[in-house]
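# Architecture and fold: a report
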Amino acid sequence: MVLATLSAGVIARIMHGEVVDKPVLQILAIKKINSTADAERYRILISDGKYFNSYAMLASQLNVMQHNGELDEFTIVQLDKYVTSMVGKDGAGKRVLIISELTVLNPGAEVKAKIGEPVTYENAAKQDLAPKAANPASQPLAKKEPVRNNNNNNNVTMNSSINSGMTHPISSLSPYQNKWVIKARVTSKSSIRTWNNARGEGKLFSMDLMDESGEIRATAFKEQCDKFFDLIQVDSVYYISKCQLKPANKQYSTLNNAYEMTFSGETVVQLCEDADDDPIPEIKYNLIPISEVSGMENKAAVDTIGICKEVGELQSFVARTTNKEFTKRDITLVDMSNSAISLTLWGDEAVNFDGHVQPVILVKGTRINEFNGGKSLSLGGGSIMKINPDIPEAHKLRGWFDNGGGDNVANMVSARTGGGNFSTDWMTLKDARARNLGSGDKPDYFQCKAVVHIVKQENSFYRACPQSDCNKKVVDEGNDQYRCEKCNALYPNFKYRLLINMSIGDWTSNRWVSSFNEVGEQLLGHTSQEVGEALENDPAKAEQIFSALNFTSHIFKLRCKNEVFGDMTRNKLTVQSVAPINHKEYNKHLLKELQELTGIGSSN
């Protein structure tokens, strides 16, 4: 067994500011410490054989190595990435070594003993602190100062920290220190929001910052909002100092940090123009196909990418509780999973959005909203939207769409299924009638596999109020104005809504069923706007759209209820949702029915 050689004497040099590439050290002890942060933290006693440092900590991403028993006593490790940070008030505290990446060279079980007789690095002789490179020509040049500044007296202190490379990791920040500088990438930035209440009025915007050690939310109010809003840009890297820190409000932030920052009159922000020389992690996207959103939890955050196929009208409304006016716009995204979903934009993003060129839209951190079984996405604080991003996924999606890929979208994730908790027992159409479903006070629900036989084009759409929360049929005033009686308003436009009647059949019977807008769009593979325009202006295209549905098989979830028309009672079936046939699951259902009918295999 060959043990790695420790880098004797390097701890003293590292703790006095020298950058030593991949030093080899030994762990003498490791201890979990009490932390106010959400993530647990570990403090380690580390040695180079000559000196030891008891003020060393693992970055939270390395906790898993401790959990797995990889960092036992006497383990020899190589530090691949680390920083030093002053912790304490006004710089009078201890300098801490924070390790963000390491490699285990020899497990503690192999080493079995402490190497050397190390003493505290604070006793280091002066010669140990001198850099090894004696040739002045080999000394690294100081980093170029950022050119942007805010004419703040704190810039002198900030530039000194920047030039010495002594920036602080985000994970080390706390309210108990105020002399620090961080170097961080802006991962998201909100629009300016205003408030007006009994305590006064004002404005604010917030941003999320990230470095190798973690993330933190920062907010600028009033004067600082005006001062920094145009300066801060998403994806750029900045040096930031002199912010106030306080416990994070978890109602508004999901970041893994116990604290958040507030800009003050002393805050300094400088653009880092040499970020490529010491790269901060890029923003990472966990892109999920739109089809998978339907299986995710309500209110979950999601990253996805799609083509903006349809743009809704800009809408304004007043909140009932605050009387505050909001603006929003719904757009429809499609992707290569042949699925579509509605995305809601708010405020300036809704007002300024131009989707008529059908751009690629990437969103990060959008929230899932669920209503009546359908799921949509909404941009909120901390969400990111990028238009036509220069990434391989966007170029691939653009090629797919430009070659007709978005013409046959089969899965409308935002389609409402209408119930949620109702029973969806398997049943044939004949059984449903024989059991007299729908004759009670409440509707009954069941599902079946059926084939579409006939689709009626007549009366398959109507012109509706253009407001997203109103589907009332409008009255054509004859002067390019359309009245909605429910909203008591005139509009220069309308939206199409589908109301499709069709005959479906299984092996036992046929029934006429009705389907409304979202389900109709899913069945026809086209939006209601496309279908309505074809029916009114292009009969040949409309015939093609409707005939493509004939003789296709689906799993239908149906609502059954007796309804009275005049003096007649009619049993009406309405399609609540429709899905393609999962043959594996459907075969399981058939096998189960066979077992119940024959009794064969029921005991296995």
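Just so you know, these numbers come straight off a predicted model, no measurement behind them.

Of the residues in the chain, 84% have a pLDDT of 70 or more, and the chain-wide mean is 81. The secondary-structure element of the chain with the lowest mean pLDDT is helix H4 (residues 126–129), recorded at 47, while strand S28 (residues 500–505) shows the highest, at 95. Scored below 50 in pLDDT, residues 88–92 shows eight contacts in the model against residues more than four places distant or in partner chains. Below a pLDDT of 50 lies the segment residues 417–423, which in the model reaches twelve contacts outside its immediate sequence neighbourhood of four places, other chains included.

Our focus in this paragraph is the side chain of Thr 344. Inspection of the secondary structure puts Thr 344 in strand S16 (residues 339–346). What makes Thr 344 buried here is its relative accessible area of 9%. Here the side chain of Thr 344 touches Asp 330 through a polar contact of 2.7 Å, side chain to side chain. Residues in contact with Thr 344, not counting those within four places in the same chain, are Lys 328, Arg 329, Asp 330, Leu 377, Ser 378 and Leu 379.

Nonpolar side chains collect at one region of the surface, where Leu 591, Leu 594 and Leu 597 lie side by side and expose about 340 Å² of accessible area between them. Along the chain, Leu 591 falls in helix H14 (residues 583–598).

Looking now at the side chain of Ser 100. Topologically, Ser 100 is positioned in strand S5 (residues 94–106). Apart from residues lying up to four places away in sequence, Ser 100 is in contact with Ala 59, Gln 61, Leu 62, Lys 81, Tyr 82 and Glu 212.

Bringing unusual backbone geometry into the picture now. Phi at Lys 242 takes a positive value of approximately 60 degrees, unusual for a residue other than glycine. Along the chain, Lys 242 falls in strand S11 (residues 237–247). Residue class for Lys 242 comes out partly exposed when judged on its relative accessible area of 24%. Unlike most non-glycine residues, Asn 459 shows phi in positive territory, near 55 degrees. By the element assignment, Asn 459 lies in the loop between strand S22 (444–455) and strand S23 (461–464).

To continue, consider helix H12 (residues 528–537). For H12, the full list of buried residues reads Ser 528, Val 531, Gly 532 and Ala 534. When H12 is viewed along its axis, its buried side chains cluster within an angular range of 165 degrees and face the same direction.

On to the pairing of strand S30 (residues 553–565), then. In this sheet, S30 lies alongside S22 in antiparallel orientation, the contact comprising eight bridges. Paired with Asp 444 across the two strands is Cys 560, which belongs to S30. As paired strands, S30 and strand S31 (residues 568–579) are joined by eleven bridges and run antiparallel to one another. Residue pairing for S31: Phe 565 is matched across the bridge by Met 568. Hairpin connection, S30 to S31: the antiparallel pair is bridged by two residues, and Gly 566 has positive phi, about 65 degrees.

Enumeration according to the criterion identifies zero disulfides in this entry. Here Cys 465 is not cross-linked by a disulfide; its sulfur's nearest cysteine counterpart is in Cys 487, at 3.8 Å.

Calculation rules
- Residues numbered from 1 in each chain as written.
- Predicted model: local features only at pLDDT ≥ 70, side-chain atom pairs only at ≥ 80, totals over all residues.
- Heavy atoms only, no water.
- pLDDT = per-residue confidence, 0-100.
- Helix = DSSP H or I, 4+ residues; strand = E, 2+ residues; numbered from the N terminus.
- Contact = heavy atoms within 4.5 Å.
- Buried < 20%, exposed > 50% of the residue type's maximum accessible area, 1.4 Å probe, protein only.
- Polar contact = N/O pair within 3.5 Å; in protein donor to acceptor, adjacent residues only side chain to side chain.
- Patch = residues over 30% accessible without salt bridge, like charges linked within 9 Å, V, L, I, M, F, W, Y side chains within 5 Å.
- Areas by Shrake-Rupley, 256 points an atom, 1.4 Å probe, with all protein chains shown as cover.
- Salt bridge = Lys/Arg side-chain N within 4 Å of Asp/Glu carboxyl O.
- Arc of directions from axis to C-beta.
- Pairing = 2+ DSSP bridges.
- Disulfide = S-S within 2.5 Å.

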